[in-house]
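Single-letter residue listing:
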Amino acid sequence: MVLKAFFPTCCASADSGLLVGRWVPEQNSAVVLAVVHFPFIPIQVKELLAQVQKVSQVHVAVLGTWCHRQQEPKESLGHFLEGLGAIFSHDPWLQLCRERGTRFWSCKAYHQVSTTPDKSIEDQVMLIFYDQRKVLLSWLHPPTVLPDCQAGDTTASAGGLADIFDTVARSEVLFQNNQFDEGPVRLSHWQSEGVEASILVELTKQASGPVCLLLASLLSLLSAVSACRLWKLWPLSFIRRKLSTCEQLQHRLKHLSLIFSTQKAQSPTQLMKKANMLVSVLIDVALGLLLLSWLHNNNRIGQLANALVPVADVSGFGLCHISASTCQVCLSPGAGVGSFQLPELWEYGERVAEELQHLLQWLMGAPAGLKMNRALDQVLGRFFLYHIHLWISYIHLMSPFIEHILWHVGLSACLGMTVALSILSDIIALLTFHIYCFYVYGARLYCLKIYGLSSLWRLFRGKKWNVLRQRVDSCSYDLDQLFIGTLLFTILVFLLPTTALYYLVFTLLRLLVVTVQGMIHLLVDLINSLPLYSLGLRLCRPYRLAAGVKFRVLEQEAGRPLRLLMQINPLPYNRVVHTYRLPSCGCHPKHSWGSLCRKLFFGELIYPWRQREDKQD
């Protein structure tokens, strides 16, 4: 049987001594953690190993001897090292030796025979070098099972590597002793030249406790205020569910409560989650401060207010401007909003408003040569024109306060870019509320006619919809019912083109608004859920996120032990994002394209991108 000995590369030039590590019988492997140097007292070595085993819960023992002949004096210690097996008994007993003046190594492993204690059996040894620091700091992720691989084989191999990584990680207390300590035992490991430390890091650790306790108490107070029963009253609860800003603030409050929690992370996953949340919040606030400084330079908030009043005045008109162009209505091109002065914007708004009136007049006539129902056409056209007049009056009433509102809204960018984007989404929803009303009116009327026609079509076939059993059953109708059904079916069929045309126009406008809001929410969810710390760790220190290992052959000669170098395979970027992606506050629509087309065809309402609960018509 081949015995695998994992040897740290930092100990390759260490003086002769004892090999300290853990024996893994399931994998027939020996993991060397450190080398104990002369002079030492055996009882002190055993006491040190007992203390390490008590703290780390790892069965650490003396596995064998290490002989570095390049640094030995003329009096060889080889025979002395061979005799240490009687003091530190371990089965198997390893003997590693580095040849003097050559690059060759000798590796032997002896098993004691129970029947004849004086005799021993030598096993073949495979020497595997590993970087102790990288293995200690890395976290091995479970591998993905490939279609052509057996799940049992994958689990077994992953379990063997996990034992190696877990042994090194849990034995960190052994690496706290270095050559500057005045202890009775001198060790060689990756920190034997001195324990890595930083004064700033230590001061931060000492100050983090009181700061986290203070912030946690403040955040708990805010959470108690947000959970007050006053917010559950009807108007406030309705507004809280509909506004994206409230959802984003509540989401960030949960993140901050978890970040500044005084409870210690129980696993590397929780620690990585906290770090990702902290980096996400810091980058979000930094982007918000950049946006705030940009808005307050050169009075951009005043320019935005001057541009927003006429644009909001015709926010539906600009969208209808696009729809009118598709209906062969000639519109004059316009420049960007930022290049207009206020009188030019009002002139542009009036021009677009005129084009909207032309569009409605075109719909109230014979659009594209279609013969519409004139009475219904006139009623719908005047109805929408009256709503537009009400919206213009409302915007004119709010225009003196727009700049002050925007100035206070701009200050909210210090809470983060996501809060500013959520406020922008809410502003778009408020400024296009009349478009939503038009869409709801047209969709409800169109849906009523579609379902009425489908019900009357079942009447002609002698069928009806069973509401209790949710199925179509047979039914017999008398002559009067068939006559009334024929009249209603004829009326609905001839009124359907007029209703469908208005529904089509305002559905396109609604879809355009929902698309803009969806892009904003996608950007917010990207900032909220992207694991930026994990991605930065994967970019700067790939070995910290390990997907597995690979072995490179160092020496393979007849009569010599096989020497391999274990290297860490970093986790792919797509798995980093998939594994450490943070939960998002947005609820993405679960409808497929087929379901969306079905809703549009039957006139069912298309709700906004973000929704906290399922809506029912």
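Residues numbered from 1 in each chain as written. Predicted model: local features only at pLDDT ≥ 70, side-chain atom pairs only at ≥ 80, totals over all residues. Heavy atoms only, no water.

- By the naming in an unreviewed UniProt entry, the protein goes by Phosphatidylinositol glycan anchor biosynthesis, class Q and is assigned to Nannospalax galili.

**A closer look at the UniProt feature "transmembrane region" (unreviewed entry) in the protein**
And then number 1: In this structure's numbering, the residues bearing the UniProt feature "transmembrane region" (unreviewed entry) are residues 275–295, 379–397, 409–432, 481–505 and 511–535.
And then number 2: Secondary structure content for residues 379–397 is 100% helix and 0% strand, while the C-alpha to C-alpha distance between its ends is 27 Å.
And then number 3: Taken end to end, residues 481–505 is 100% helix and 0% strand, and its first and last C-alpha atoms sit 35 Å apart. (UniProt positions renumbered as here; feature names shortened; annotations may be inferred. Helix = DSSP H or I, 4+ residues; strand = E, 2+ residues; numbered from the N terminus.)

**Details of the packing of aromatic side chains**
In this description, an aromatic ring pair is defined by two values, namely the gap between the centres and the angle between the planes.
And then number 1: Applying the stated rule across the entire model yields 14 aromatic pairs.
And then number 2: Look at phenylalanine 438 and phenylalanine 506: their rings are 5.3 Å apart centre to centre, the planes differ by 55°, and that puts the pair in the tilted class. Here phenylalanine 438, found in helix α15 (residues 433–460), pairs with phenylalanine 506, found in helix α16 (residues 479–529); they are 68 residues apart in sequence, far enough to count as distant. When sorted by exposure, phenylalanine 438 lands in the same class as phenylalanine 506, which is buried.
And then number 3: Measuring from ring centre to ring centre gives 5.3 Å for phenylalanine 460 and phenylalanine 489, while their planes differ by 75°; the resulting arrangement is edge-to-face. Of this pair, phenylalanine 460 sits in helix α15 while phenylalanine 489 sits in helix α16; the two residues are 29 residues apart in sequence, bridging distant segments of the chain.
And then number 4: Accessibility expressed as a relative area gives 35% for phenylalanine 460, which makes it partly exposed.
And then number 5: In textbook terms, an aromatic cluster arises when at least three aromatic residues are bridged by ring pairs, as seen for Phe383, Phe384, Phe438, Tyr441, Tyr502 and Phe506.
And then number 6: The lysine or arginine in question, arginine 538, covers the ring of tyrosine 573, its NZ or CZ lying 4.4 Å from the ring centre. (Phe/Tyr/Trp six-rings, centres within 6.5 Å; stacked < 30°, edge-to-face > 60°. Buried < 20%, exposed > 50% of the residue type's maximum accessible area, 1.4 Å probe, protein only. Lys NZ or Arg CZ within 6 Å of the ring centre and 35° of its normal.)

**Considering the confidence of the model for the protein**
And then number 1: Per-residue pLDDT for the protein has a mean of 77; in total, 78% of the residues score no lower than 70.
And then number 2: Across residues 145–156, confidence stays below pLDDT 50; counting only partners more than four residues off in sequence or on other chains, it has five contacts.
And then number 3: The model gives residues 609–617 a pLDDT under 50, and that stretch makes 27 contacts with residues more than four places away or in other chains. (pLDDT = per-residue confidence, 0-100. Contact = heavy atoms within 4.5 Å.)

**Observations concerning unusual backbone geometry**
And then number 1: Unlike most non-glycine residues, asparagine 28 shows phi in positive territory, near 50°.
And then number 2: With respect to the element layout, asparagine 28 can be found in the loop between β2 (17–24) and β3 (29–37).
And then number 3: Residue asparagine 28 is classed as buried on the basis of its relative accessible area of 11%.
And then number 4: Of note in this structure, glutamine 57 is not a glycine but carries a positive phi near 60°.
And then number 5: The topology assignment puts glutamine 57 in the loop between α1 (42–56) and β4 (61–68).

**Considering the pairing of strand β11 (residues 471–474)**
And then number 1: Note that strand β10 (residues 463–466) and β11 share four bridges and pair antiparallel. In the sheet register, asparagine 466 faces β11, and the bridge partner there is arginine 471. (Pairing = 2+ DSSP bridges.)

**Here's the deal with the pairing of β2**
And then number 1: Taken across its eight residues, β2 has seven buried, putting it largely inside the fold.
And then number 2: Examined bridge by bridge, β2 and β3 share eight bridges and lie antiparallel to one another. From the neighbouring strand, valine 20 faces β3, where its bridge partner is alanine 34.
And then number 3: Here β2 hands over to β3 after four residues, with asparagine 28 in that stretch at a positive phi of 50°.
And then number 4: The sheet contact formed by β2 and β4 spans five bridges and is antiparallel. Each residue of the ladder has a partner; that of leucine 19, found in β4, is glycine 64.

**What to know about the nonpolar core**
And then number 1: With 38 residues, the main nonpolar core has Val31, Leu33, Val36, Val45, Tyr130 and Val168 as its most contacted residues.
And then number 2: Taken together, the elements giving at least two residues each to this core come down to β2, β3, α1, β7 (120–130), α3 (132–137), α4 (151–170), β12 (545–555) and β13 (562–570).
And then number 3: Beyond its immediate stretch of four places on either side in the chain, leucine 33 contacts Val20, Gly21, Val60, Tyr130, Gln132, Thr167, Val168, Ser171, Leu174, Phe175, Ser188 and His189.
And then number 4: Residues Leu360, Leu363, Met364 and Ile428 belong to the second largest nonpolar core, which totals 23 residues. (Core = buried A, V, L, I, M, F, W, Y, C linked by side-chain atoms within 4.5 Å.)

**Topic: the pattern of salt bridges**
And then number 1: The tally for this structure, following the rule as stated, stands at six salt bridges.
And then number 2: One salt bridge connects arginine 471 with aspartate 473, and the closest N-O pair in it is separated by 2.9 Å.
And then number 3: Aspartate 473 gets classed as buried once you look at its relative accessible area, which sits at 17%.
And then number 4: Of the charged contacts in the structure, one is a salt bridge between glutamate 604 and arginine 598, with a shortest N-O distance of 3.2 Å.
And then number 5: Among the residues examined, arginine 598 registers a relative accessible area of 44% and is labelled partly exposed.
And then number 6: Here the salt bridges share partners, and the residues they tie into one network are Arg598, Lys599 and Glu604. (Salt bridge = Lys/Arg side-chain N within 4 Å of Asp/Glu carboxyl O.)

**Comments concerning the packing of helix α8 (residues 268–296) against helix α13 (residues 402–411)**
And then number 1: At a closest axis distance of 9 Å, the pairing of α8 and α13 adopts a crossing angle of 150°. Relative to α13, the element α8 is oriented roughly antiparallel. Judged by residue contacts, Leu292, Leu295 and His296 of α8 engage Trp407, Gly410 and Leu411 from α13.
And then number 2: Tallied by class, the residues present in the contact of α8 with α13 amount to four nonpolar, two polar and no charged. (Axes fitted to C-alpha atoms, helices over the stretch in contact; angles between N-to-C directions. Parallel < 35°, antiparallel > 145°, perpendicular 65-115°, else oblique. Nonpolar A, V, L, I, M, F, W, Y, C, P; charged D, E, K, R; others polar.)

**Let's talk about the packing of helix α14 (residues 417–431) against α16**
And then number 1: Where α14 contacts α16, the axes come no closer than 10 Å and their chain directions differ by 165°. Compared by their axis directions, α14 and α16 come out roughly antiparallel. Seen along the crossing, α14 lies across α16 with a hand that is left-handed. Across from Met417, Thr418, Leu421, Ser422, Leu424, Ser425, Ile428 and Ala429 in α14, the residues of α16 making contact are Val513, Val516, Gln517, Ile520, His521, Leu523, Val524, Ile527 and Asn528.
And then number 2: Residue classes in the contact of α14 with α16 are distributed as 11 nonpolar, six polar and no charged. (Left-handed = near helix turned anticlockwise from the far one by under 90°.)

**Quick look at a nonpolar patch on the surface**
And then number 1: A contiguous nonpolar patch, built from Leu221, Val225, Leu230, Trp231, Leu233 and Leu236 and spanning about 550 Å² of accessible area, is present on the exposed surface.
And then number 2: Positionally, valine 225 belongs in helix α5 (residues 199–226).
And then number 3: Since its relative accessible area comes to 46%, valine 225 is described here as partly exposed. (Patch = residues over 30% accessible without salt bridge, like charges linked within 9 Å, V, L, I, M, F, W, Y side chains within 5 Å. Areas by Shrake-Rupley, 256 points an atom, 1.4 Å probe, with all protein chains shown as cover.)

**Observations regarding the environment of leucine 562**
And then number 1: For leucine 562, the position within the fold is in strand β13.
And then number 2: Separated by 436 residues in sequence, leucine 562 and methionine 126 have C-alpha atoms that sit 5.2 Å apart.
And then number 3: Excluding anything up to four places from it in sequence, leucine 562 contacts Val125, Met126, Leu127, Val553, Glu555 and Gln556.

**Section: the side chain of histidine 255**
And then number 1: Mapped onto the elements of the fold, histidine 255 is located in helix α7 (residues 244–259).
And then number 2: Excluding its chain neighbours within four sequence positions, the residues that come into contact with histidine 255 are Met277, Asn528 and Pro583.

**With respect to the environment of lysine 371**
And then number 1: Residue placement: lysine 371 occurs in the loop between α11 (342–364) and α12 (374–398).
And then number 2: Overall, lysine 371 belongs to the exposed group, its relative accessible area being 81%.
And then number 3: For the pair formed by lysine 371 and threonine 498, sequence separation is 127 residues and the distance between their alpha carbons is 8.7 Å.

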